[in-house]
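# Descriptive analysis of the structure
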Amino acid sequence: MKPYAFSGMLCTSMLIFGLIGYNIDGWLHTTPLFVIVGLMYSIIGSIILLIKKSR
């Protein structure tokens, strides 16, 4: 996987899951709990995918 493809994938997944978490937080009237969970999920998932693709 090329570095620019990984950075685009990471930014896109962070944006998508961050927005989903933001909407859930607004719906449930919570602190930024789901934003943090969504961002961590996307970062960890992207790193796992990078490790799998690099083998």
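From a predicted model like this one, the values you see are computed outputs, not experimental measurements. Every chain is numbered on its own, with residues counted from 1 as its sequence reads. Restriction of local features to residues with pLDDT of at least 70 applies here, the model being predicted, together with a cutoff of 80 or more for giving and counting side-chain atom pairs; totals for whole chains, interfaces and linings are based on all residues. Side-chain numbers come from the whole structure's heavy atoms, not from hydrogens or water.

## So, the side chain of Ser 13
Along the chain, Ser 13 turns up in helix 1 (residues 3-28). Leaving out residues up to four positions away in the same chain, Ser 13 has contacts with Ser 42 and Ser 46. A run of H or I in DSSP counts as a helix once it spans at least four residues, and a run of E counts as a strand once it spans at least two, with each numbered from the N terminus. We call two residues in contact when some of their heavy atoms are within 4.5 Å.

## Here's the deal with a nonpolar patch on the surface
A patch consists of residues whose relative accessible area exceeds 30% and which take part in no salt bridge; residues with like charges are grouped when within 9 Å of each other, and nonpolar side chains (Val, Leu, Ile, Met, Phe, Trp, Tyr) when within 5 Å. Using the Shrake-Rupley algorithm and a 1.4 Å probe, accessible areas are obtained, with residue cover drawn only from the displayed protein chains. Salt bridges are identified by distance alone: a Lys or Arg side-chain nitrogen within 4 Å of an Asp or Glu carboxyl oxygen. Together, Ile 36, Met 40, Ile 44 and Ile 48 give the surface a local cluster of nonpolar side chains, amounting to about 370 Å² of exposed area. For Ile 44, a relative accessible area of 45% gives the class partly exposed. Summary of the burial criterion: residues with accessible area below 20% of their type's maximum are buried, those above 50% are exposed, and those between are partly exposed, where the area comes from a 1.4 Å probe applied to protein chains only.

## Points about the UniProt feature "transmembrane region" (unreviewed entry) in the protein chain
UniProt positions are given in the numbering used here, feature names are shortened, and annotations may be inferred rather than shown by experiment. This chain's UniProt record puts "transmembrane region" (unreviewed entry) on residues 5-24 and 30-51. With 100% helix and 0% strand, the stretch residues 5-24 has end C-alpha atoms that lie 29 Å from each other.

## So, the packing of aromatic side chains
Any two of the Phe, Tyr and Trp rings considered here, Trp counted by its six-membered ring, make a pair once their centres fall within 6.5 Å; the pair's planes then place it as stacked at under 30 degrees, edge-to-face at over 60, or tilted in between. Across all of its chains, the model carries one aromatic pair by this definition. With a centroid separation of 5.1 Å and 75° between ring planes, the pair formed by Phe 17 and Tyr 41 is classed as edge-to-face. Of this pair, Phe 17 sits in helix 1 while Tyr 41 sits in helix 2 (residues 33-54), placing them 24 residues apart in sequence. Overall, the relative accessible area of 29% leaves Phe 17 in the partly exposed class.

## Comments concerning unusual backbone geometry
In terms of backbone geometry, most residues other than glycine have negative phi values and most peptide bonds are trans. A positive phi angle is found at His 29, which is not glycine, with a value near 55°. Here His 29 is to be found in the loop between helix 1 and helix 2. With relative accessibility at 71%, the residue His 29 sits in the exposed group.

## Comments concerning the environment of Gly 18
With respect to the helices and strands, the residue Gly 18 is situated in helix 1. Each C-alpha atom of the pair Gly 18 and Thr 30 lies 14 Å from the other, and the pair is twelve residues apart in sequence. Here Gly 18 is in contact with Val 35 and Leu 39, once residues within four sequence places are set aside.

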